[in-house]
Amino acid sequence: MNGSRIAAVGHYQPAKVLTNEELAGMVDTSDEWIRSRVGIRTRHIAGPDEPVDELAAHAAAKALAAAGLVPGDIDLVLVATSTAIDRSPNMAARVAARLGIPSPAAMDVNVVCAGFTHALATADHAVRAGAAARALVIGADKMSDVTDWGDRSTCVLVGDGAGAAVVEASAEAGVGPVLWGSVPEMGHAVRIEGQPARFAQEGQSVYRWATTQLPDIARRACERAGLAPEDLAGVVLHQANLRIIEPLAEKLGAVNAVVARDVSESGNTSAASIPLAFSKLVEQGRISGGDPVLLFGFGGNLSYAGQVVRCP
């Protein structure tokens, strides 16, 4: 075995749906204003009794079932999140306890919106190095916990959810080489800080960076996998805003690919957004087993990470 592959995926969203019309009763906004600026119609919001590790465990359990595996088959759990309230136990350990995974390595990865693709790369490296046989890689965030619901510039964006993937050893590379990096001097552009912690961003700075700098980086991620953008069957970008997703996908040149637009019904779910959208494309049959799909996360810390994977 000299590679790794995604064996299965799964996702979970809370039952409560918050519409634009409902938000318009909370802050000075409207359905037209939100749709025209960010392309979001609805988002799912977790209740006070639904912590991040519960969202993560639901998604992970679905991925395990889809892979035909049991908890004891997993020896590495990675959870990408930036909305953990407690420092210890970490989310990965709590998810392992919920699922009954007996003795895994358990680590959280906090790269905010690019967290899942960073965690996926870490799992790929661990499996290829022989440090793990099978990994659960989860992106889960409860953005409603860190949102000022009186700030119309941010509260219209966010949602809660989780997505997960089972990564295992493979004779061929089903997870391509990662291209990752950051712009640390601009880390202030997306923040979750303070007491209580609150999400804030410099929207125009993020928009300019994403639409001008990231298309070339995404193309280089394809090159690392030995593919051209037109070879892609799917593109799953961080689901931040349709005004970012659509121009970025167009500039990338993935003319034959299905482009995930889950942000319209889920909002920005941070680290959950890529595995959530990817799992939905798989579940809907819009991409097929073996198809090459670009996963590309970006945002918080002005970090980015992308890799081409083969659809399970």
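Residues numbered from 1 in each chain as written. Predicted model: local features only at pLDDT ≥ 70, side-chain atom pairs only at ≥ 80, totals over all residues. Heavy atoms only, no water.

Draft legend 1. Quick look at helix H4 (residues 91–99). Of all the positions in H4, only Met 91, Ala 92, Val 95, Ala 96 and Leu 99 are classed as buried. Buried positions in H4, seen along its axis, are confined to an arc of 135° and lie on one side of it. Against helix H3 (52–67), strand E4 (76–80), strand E5 (105–109) and strand E6 (134–142) lie the buried residues of H4. Where H4 terminates, the next one or two residues include Gly 100, which has phi positive at roughly 80°. (Buried < 20%, exposed > 50% of the residue type's maximum accessible area, 1.4 Å probe, protein only. Helix = DSSP H or I, 4+ residues; strand = E, 2+ residues; numbered from the N terminus. Arc of directions from axis to C-beta. Contact = heavy atoms within 4.5 Å.)

Draft legend 2. Fine view of the packing of aromatic side chains. This structure, assessed with the given rule, holds one aromatic pair. If you follow Arg 152 out to its NZ or CZ, it ends over the ring of Trp 33, 4.5 Å from the centre. Taking NZ or CZ as reference, Arg 243 lies 5.1 Å from the ring centre of Tyr 207, over its face. (Phe/Tyr/Trp six-rings, centres within 6.5 Å; stacked < 30°, edge-to-face > 60°. Lys NZ or Arg CZ within 6 Å of the ring centre and 35° of its normal.)

Draft legend 3. Just the sheet that holds strand E13 (residues 292–298), in detail. In space, the five strands of this open sheet follow the order E8-E14-E13-E11-E12, with mixed pairing throughout. Edge positions in the sheet fall to strand E8 (179–182) and strand E12 (258–259), since each of these pairs with one other strand and no more. Strands E8, E13 and strand E14 (303–310) of the sheet are contacted by helix H5 (residues 115–128), whose axis makes an angle of about 55° with E14. Along the sheet, helix H9 (residues 242–252) makes contact with strand E11 (234–237), E12 and E13, crossing E11 at roughly 140°. (Pairing = 2+ DSSP bridges. Axes fitted to C-alpha atoms, helices over the stretch in contact; angles between N-to-C directions.)

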